[in-house]
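So you can see what is in the structure, the chains are spelled out below.
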Amino acid sequence: MNHDTSRRWQMLAIIAVIVFVIWVLAPVLMPFALAAMLAYLGDPLADRLQRLGMGRTWAVSIVFTVITLVVIGVLLLLIPLIQTQFENLSENLPRYVDWVRNTALPWIQAKLRLDPNVFDSDRLLATIREHIGSVGGFAATAVAKVTQSGMGVVLWLTNAVLIPVVAFYLLRDWDTMMAYIQRMLPRAIEPTVVRLARESDQVLGAFVRGQLLVMLALGLFYGLGLTLAGISIGPLIGMVAGLLSFVPYLGFMIGFVAALIAALVQYGDWTHVILVAVVFTIGQLLEGYVLVPRLVGGKIGLHPVAVIFAVLAGGHLFGFLGVLLALPAASVVVVLMRYAFTRYRESDLYTKPAPGSPVPPVEVEVDVDVETRPAQPPSSGDGGP
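Draft legend 1. Expanded view of the overall build of the protein. Each helix and strand in the protein was counted, giving 13 helices and 0 strands. Secondary structure elements of the protein, listed N to C terminal, follow the sequence α-α-α-α-α-α-α-α-α-α-α-α-α. Across the 385 residues of the protein, 25% fall into the buried class. The long-range fraction of contacts in the protein, counting pairs at least 24 apart against all pairs at least 6 apart in sequence, stands at 69%.

This is the structure:
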């Protein structure tokens, strides 16, 4: 085994160990992952304050205070609104059930010419009640265990305190940690890793900061538009559609269907159905032609199918932590795959022709500089006048 092969196996072993440790410690890494995301989001603002002549600790303190005030303000604003919307939903739930039983299911049976027993409303509602009861019992059991277990309460409070503390120290030492990691890289691959890290940072910055703003803007737009259209639970539907908009078309489809059902149950006319369609059509145009191009840009390069696969795979492998980090990790994987594809196109595996095949002609570009001089008038010795 030569030196290059041995070095590659060592690097693969180190990467495998890191991935294995992350997989084993995934349940414990949740507060640290959230803290790292907050630190990553706040680092550009802290760097900007530093360039204005402020010390790192003071800059981080200001950024951390602003982030804390924003989070507290959002919670104080959203919690009463969400509570009011859920109370409104629970009051209107019997109307939704009655509409599904007496209007929606008979219409589907008539249009599709299905056997009435296929959509037996009583059996369907009994099944729904059974599953809702099981989910409620599971939730009640889980809450009871958490509240009865002193260790569970202590762990929850520890995570609540740990996230801001870890975020503060990560934000304060972010540049130092990045410089230390760069110094620890093997010298042979350090330039390549630094270049890929910068490209990944551009992609992550475009995705994380931009997509959060897109989700917020869409949630506000859908909530306000549905409220103006007269939908009683419009703010709740708008928030859900905005939060799910990081998966392409998922927030739009769920929000649109929920708003249509709410409009049909609440009013039962075509006017409010058209208003709902107008709101979501404008929202899609706003997302596709204004918000995403300006806030996210075209640097991510993730296909919608790849986004859905990344979210499902991340949730299957690492749970909620995987869902949280799926798209940022996928955007970094895109950068690495572009680099791997470029190296593959330059390797012998791609360029070497098959045995016996004719060798393609080699095209050589030659730069030729031609100097042109203006024509000289004929002299008198050449027979001129």
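Next, the rest of the story.
Draft legend 2. Representation of the packing of aromatic side chains within the structure. Inspection of every chain in the model, using the stated rule, returns 9 aromatic pairs. Judged by centre distance (5.5 Å) and plane angle (80 degrees), the ring pair of Phe 64 and Phe 168 falls under edge-to-face. Taken together, the positions of Phe 64 in helix H3 (residues 56-112) and Phe 168 in helix H5 (residues 150-172) put the pair 104 residues apart, joining distant regions of the chain. Exposure remark for Phe 64: the relative accessible area of 22% places this residue in the partly exposed category. A centroid spacing of 5.8 Å and a plane angle of 5 degrees characterise the contact between Phe 252 and Phe 256, whose relative ring orientation is stacked. With a gap of 4 residues between them, Phe 252 and Phe 256 both fall in helix H9 (residues 250-266), about one helical turn apart. Classification of Phe 256 by relative accessible area gives partly exposed; the value is 24%. One aromatic cluster is present, formed by Phe 221, Tyr 222, Phe 252, Phe 256 and Phe 280 through successive ring pairs.

Draft legend 3. Spotlight on the environment of Ala 35. Structurally, the position occupied by Ala 35 is in helix H2 (residues 30-51). A residue is classified by how much of its surface remains accessible, and Ala 35, at 0% relative accessible area, is buried. The spacing of Ala 35 and Ala 167 is 132 residues in sequence and 4.3 Å in space, taken between C-alpha atoms.

Draft legend 4. Seen up close, the side chain of Asp 43. Residue position: Asp 43 is located in helix H2. The exposure class of Asp 43 is buried, given its relative accessible area of 9%. When neighbours within four sequence positions are excluded, Asp 43 is seen to be in contact with Arg 56, Leu 171, Trp 174 and Asp 175.

Draft legend 5. Looking closely at the pattern of salt bridges. Tallied over the entire structure, the rule returns 5 salt bridges. Linking Arg 56 and Asp 47 is a salt bridge whose minimum nitrogen-to-oxygen distance equals 2.7 Å. Classification of Arg 56 as buried rests on a relative accessible area of 13%. Arg 172 is the salt-bridge partner of Asp 173, the closest N and O atoms lying 3.2 Å from each other. Here Arg 172 falls in the partly exposed class, since its relative accessible area comes to 30%.

Rules used in this analysis
- Residues numbered from 1 in each chain as written.
- Predicted model: local features only at pLDDT ≥ 70, side-chain atom pairs only at ≥ 80, totals over all residues.
- Heavy atoms only, no water.
- Helix = DSSP H or I, 4+ residues; strand = E, 2+ residues; numbered from the N terminus.
- Buried < 20%, exposed > 50% of the residue type's maximum accessible area, 1.4 Å probe, protein only.
- Contact = heavy atoms within 4.5 Å.
- Phe/Tyr/Trp six-rings, centres within 6.5 Å; stacked < 30°, edge-to-face > 60°.
- Salt bridge = Lys/Arg side-chain N within 4 Å of Asp/Glu carboxyl O.

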